[in-house]
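Observations on the three-dimensional arrangement
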Amino acid sequence: MRDYGAESSVSVQGGPAGPEPGGLSPNVPLVVDLDGTLIKSDTLHESIIALARKTPSALLRLPFWLPAGRAAVKQRIEDRLGLDPALLPYDPRVIDAVEAARNAGCRTVLATAADQRIADRVSDHLGLFDEVLATRGAVNLGGARKTEALVDRYGAGGFDYIGNSAADLPVWAQARRALAANAPSAVVRRLARTHPAPVVLSRRRAPWLPLLRAMRPYQWVKNLLLFVPLVASQTFAAAVWARVLVAFCCFSAMASAVYLVNDLLDLEHDRRHPRKKNRPFASGEANILHGMLTAATLALGSILVAYSVSPAFLGLLLLYVAVTTAYSARLKQTPLVDVMLLAGLYTLRVLAGAAACQIVPSFWLLGFSMLLFTSLAFAKRYAEVSDASRRGTRTLSGRGYQLIDEPVLATFGVSSGYAAVVVMALYINATAETGVYATPVLLWAVCPLLLYWISRMWLAAQRGFLTDDPIVFALRDRVSRVVILACSLVVLAASQKPSRLLAAFHS
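Residues numbered from 1 in each chain as written. Predicted model: local features only at pLDDT ≥ 70, side-chain atom pairs only at ≥ 80, totals over all residues. Heavy atoms only, no water.

**Let's talk about the overall build of the protein chain**
Secondary structure summary: the protein chain contains 22 helices and six strands in total. With respect to the three principal axes, the spread of C-alpha positions in the protein chain is 90 × 50 × 45 Å. With 507 residues in all, the protein chain has 50% of them scored as buried. Within the structure as shown, the protein chain displays about 23,200 Å² of accessible surface, and the carbon and sulfur contribution to it stands at 62%. Computing the positive centroid from 52 side-chain charges and the negative centroid from 36, the protein chain places the two 7 Å apart. (Helix = DSSP H or I, 4+ residues; strand = E, 2+ residues; numbered from the N terminus. Buried < 20%, exposed > 50% of the residue type's maximum accessible area, 1.4 Å probe, protein only. Areas by Shrake-Rupley, 256 points an atom, 1.4 Å probe, with all protein chains shown as cover. Lys, Arg positive; Asp, Glu negative; His and termini not counted. Charge placed at Lys NZ, Arg CZ, Asp CG, Glu CD.)

**Considerations on the nonpolar core**
Counting 91 residues, the largest nonpolar core has Phe281, Phe313 and Phe373 as the members making the most contacts within it. Tallying contributions element by element places helix H11 (residues 238-265) first for this core, with 14 residues. Once you skip the residues sitting within four places of it in the chain, Phe281 turns out to touch Leu211, Ala214, Leu260, Asp263, Leu264, Leu267, Arg271, Ala286, Asn287, Ile288 and Gly291. Grouped together as the second largest cluster of nonpolar side chains are 41 residues, Leu30, Leu44, Trp65 and Ala181 included. (Core = buried A, V, L, I, M, F, W, Y, C linked by side-chain atoms within 4.5 Å. Contact = heavy atoms within 4.5 Å.)

**Some thoughts on the pattern of salt bridges**
In the structure shown here, the tally under the stated rule is 22 salt bridges. Between Asp91 and Arg93 there is a salt bridge; the shortest N-O distance is 3.0 Å. The partly exposed category is assigned to Arg93, whose relative accessible area is 26%. With a shortest N-O distance of 3.5 Å, Glu131 and Arg107 are connected by a salt bridge. Of this pair, Glu131 sits in strand S3 (residues 131-135) while Arg107 sits in the loop between helix H4 (92-103) and strand S2 (108-115); the two residues are 24 residues apart in sequence, bridging distant segments of the chain. A residue is classified by how much of its surface remains accessible, and Glu131, at 12% relative accessible area, is buried. A single network of salt bridges, built from pairs that share partners, joins Arg216, Asp263, Asp270 and Arg279. (Salt bridge = Lys/Arg side-chain N within 4 Å of Asp/Glu carboxyl O.)

**Considerations on the sheet that holds strand S6 (residues 199-200)**
Within the open sheet, the six strands sit side by side as S3-S2-S1-S4-S5-S6. Their pairing is parallel. Among the strands making up the open sheet, the edge pair consists of S3 and S6. Of the pairings in the sheet, the one linking S2 to S3 comprises four bridges and is parallel in character. Pairing of Asp115 across the sheet is with Thr135, part of S3. (Pairing = 2+ DSSP bridges.)

**A closer look at a positive patch on the surface**
Residues Arg189, Arg190, Arg193 and Arg203 make up a contiguous surface patch of positive charge. Among the structural elements, Arg203 can be located in the loop between S6 and helix H9 (208-214). Residue classification places Arg203 among the partly exposed positions, given a relative accessible area of 47%. (Patch = residues over 30% accessible without salt bridge, like charges linked within 9 Å, V, L, I, M, F, W, Y side chains within 5 Å.)

**So, the pairing of strand S5 (residues 177-180)**
Burial along S5 is two-sided: the residues Arg177 and Leu179 and Ala178 and Ala180 are all buried. In the sheet, strand S4 (residues 160-163) pairs with S5 via four bridges, with the strands oriented parallel. Bridge assignment links Tyr161 to a residue of S5, and that residue is Ala178. Taken together, S4, helix H7 (residues 169-174) and S5 constitute a β-α-β crossover, and its handedness is right-handed. (Right-handed = clockwise from strand over helix to strand, strands pointing away.)

**With respect to the packing of helix H17 (residues 363-391) against helix H19 (residues 446-462)**
It is at 8 Å that the axes of H17 and H19 come closest, and there the two elements cross at 20 degrees. Classified by the angle their axes make, H17 and H19 are roughly parallel. Between H17 and H19 lies a crossing of right-handed hand. On H19, the residues that touch Phe368, Leu372, Ser375, Leu376, Phe378, Ala379, Tyr382, Ser386 and Arg390 of H17 are Leu450, Trp453, Ile454, Met457, Trp458, Ala461 and Gln462. Here the contact of H17 with H19 is composed, by residue class, of 12 nonpolar, three polar and one charged. (Axes fitted to C-alpha atoms, helices over the stretch in contact; angles between N-to-C directions. Parallel < 35°, antiparallel > 145°, perpendicular 65-115°, else oblique. Left-handed = near helix turned anticlockwise from the far one by under 90°. Nonpolar A, V, L, I, M, F, W, Y, C, P; charged D, E, K, R; others polar.)

**Brief notes about the packing of aromatic side chains**
A complete count under the given rule lists 11 aromatic pairs for this structure. Their ring planes at 50 degrees and their centres at 6.0 Å tell us that Phe251 and Phe313 sit as a pair that is tilted. Within this pair, whereas Phe251 is found in helix H11, its partner Phe313 is found in helix H15 (residues 311-329), the two being separated by 62 residues in sequence. Each ring, one from Phe378 and one from Phe412, has its centre 5.4 Å from the other, and the planes form 50 degrees; the classification is tilted. With Phe378 in helix H17 and Phe412 in helix H18 (residues 406-434), this residue pair connects regions lying 34 residues apart in the sequence. Taken together, the aromatic side chains of Phe227, Trp241 and Phe248 make up a single cluster linked through ring pairs. Looking at Arg476, its charged tip hangs above the ring of Tyr218, at a distance of 4.8 Å from the centre. (Phe/Tyr/Trp six-rings, centres within 6.5 Å; stacked < 30°, edge-to-face > 60°. Lys NZ or Arg CZ within 6 Å of the ring centre and 35° of its normal.)

**A word on the side chain of Ser283**
One can find Ser283 in helix H13 (residues 280-283). A relative accessible area of 18% means that Ser283 is categorised as buried. There is a polar contact of 3.5 Å between the side chain of Ser283 and the backbone nitrogen of Glu285. If sequence neighbours within four positions are ignored, Ser283 has contacts with Lys40, Pro89, Lys277 and Asn278. (Polar contact = N/O pair within 3.5 Å; in protein donor to acceptor, adjacent residues only side chain to side chain.)

**Observations concerning the confidence of the model for the protein chain**
Predicted confidence across the protein chain gives a mean pLDDT of 86, with 92% of residues reaching 70 or more. Scored below 50 in pLDDT, residues 1-22 makes 49 contacts in the model with residues more than four places away or belonging to other chains. Per-residue pLDDT stays below 50 along residues 499-507; that stretch engages in four contacts with residues further than four places along the chain or on separate chains. (pLDDT = per-residue confidence, 0-100.)

Below is the structure:
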């Protein structure tokens with residue numbers, strides 16, 4: 001049997017011969033709900049996401065299936081795919097409770113509104129249930145129908161029941177003993193009115209907390225790249241900065257929507273990964289339906305506000321969505337193409353910032369950005385391959401790279417980073433004639449700083465310290481922040497005339 005998670009401390013009252021009403025009794029079966037209880041997720045939502053990943057065009061048929069009822073929808077989705085029960089987010093506390101019941105000699109029953117085939121596969125995988133009751137044909141075994149089926153089979157008060165939601169209240173009302181798992185506090189309070197002492201195995205946290213974590217607000221720092229054209233062109237008008245700030249908010253909202261969609265489509269691969277399996281959707285902490293609705297709301301709001309910034313900015317924002325969608329759906333599994341797309345998405349942020357403030361980006365800025373971000377994208381992939389190598393994994397789930405690619409990825413990445421410094425040096429030489437900077441000779445200090453930072457990033461990747469997005473890692477890394485500050489001060493100093501610098505020094 002698979003590892004369902006860390007050990008839990010579930011306390012089940014009674015023992016093998018405990019006939020008291022509050023404990024286990026070998027004559028009373030333990031009935032367990034599936035969706036939201038045995039697993040922290042919902043098999044229907046999981047199936048819709050799996051269908052979207054496997055056959056996106058099939059989603060267009062969903063509206064035409066709805067009039068036939070929920071049971072028919074579940075059946076038609078299941079006809080087209082089969083969820084892997086080994087990858088579902090099981091609750092170890094419920095597993096412990098079922099095992100305790102079996103050890104006490106109780107009959108265990110899985111009763112769910114999920115499709116019969118899904119329930120059977122879950123039961124076969126766990127090997128913990130003596131019987132399975134589920135949705136079959138046109139009869140959706142949920143709510144009142146589940147209550148009726150259990151009462152007909154075991155009689156009122158003839159079974160114990162573990163559930164999680166308000167839909168389980170009618171079932172709990174007919175149960176001898178009520179147990180709640182992953183239940184909201186409001187549901188537990190309502191349950192206590194009919195069962196004075198319900199057993200609460202676990203409570204569900206506020207749903208917005210894991211959802212906010214899935215939106216990855218810390219990744220918004222990458223959207224600070226929108227301000228690069230302003231800094232490079234030395235534009236300091238307050239109105240222009242305000243416009244770019246609005247653009248930053250739009251990009252951040254859209255980025256969060258994309259992250260939500262990406263995590264939803266990546267559920268299978270994330271659950272196979274040693275770290276990503278703890279992500280909110282992969283672990284079942286975040287509700288899949290809430291994630292879909294939040295992603296749609298963020299995307300729509302971002303598009304409406306982006307149009308007010310400028311049509312060009314809106315166009316680049318939609319291009320960002322198209323590229324990230326293609327990347328998440330297929331292209332991130334294509335070696336080298338995925339790296340080029342990642343680098344392009346970074347550069348796209350610079351272009352979007354230029355469009356927001358209506359500045360034409362220079363050739364130098366785009367060339368430097370593309371090379372630098374290509375280096376960082378290679379660093380991200382190198383870190384993943386290197387991590388898999390250290391763990392002894394032969395393949396990378398959801399990626400097109402092999403362990404033997406590790407040296408060549410490092411070669412590509414380091415050379416791209418050093419080439420970016422060369423472009424910076426050529427740009428500094430060209431600015432001596434343009435007069436953009438009052439003291440361009442000071443800009444040469446940027447080159448050794450960049451060489452040091454790029455070398456340090458790759459050293460961190462080699463040593464296994466680079467476990468996140470390189471830009472996010474850089475902003476969390478104290479030394480990287482010092483380098484960024486030093487480069488900013490150099491650029492600021494280069495924009496001033498020597499007389500002003502001397503006056504500032506003497507003052």
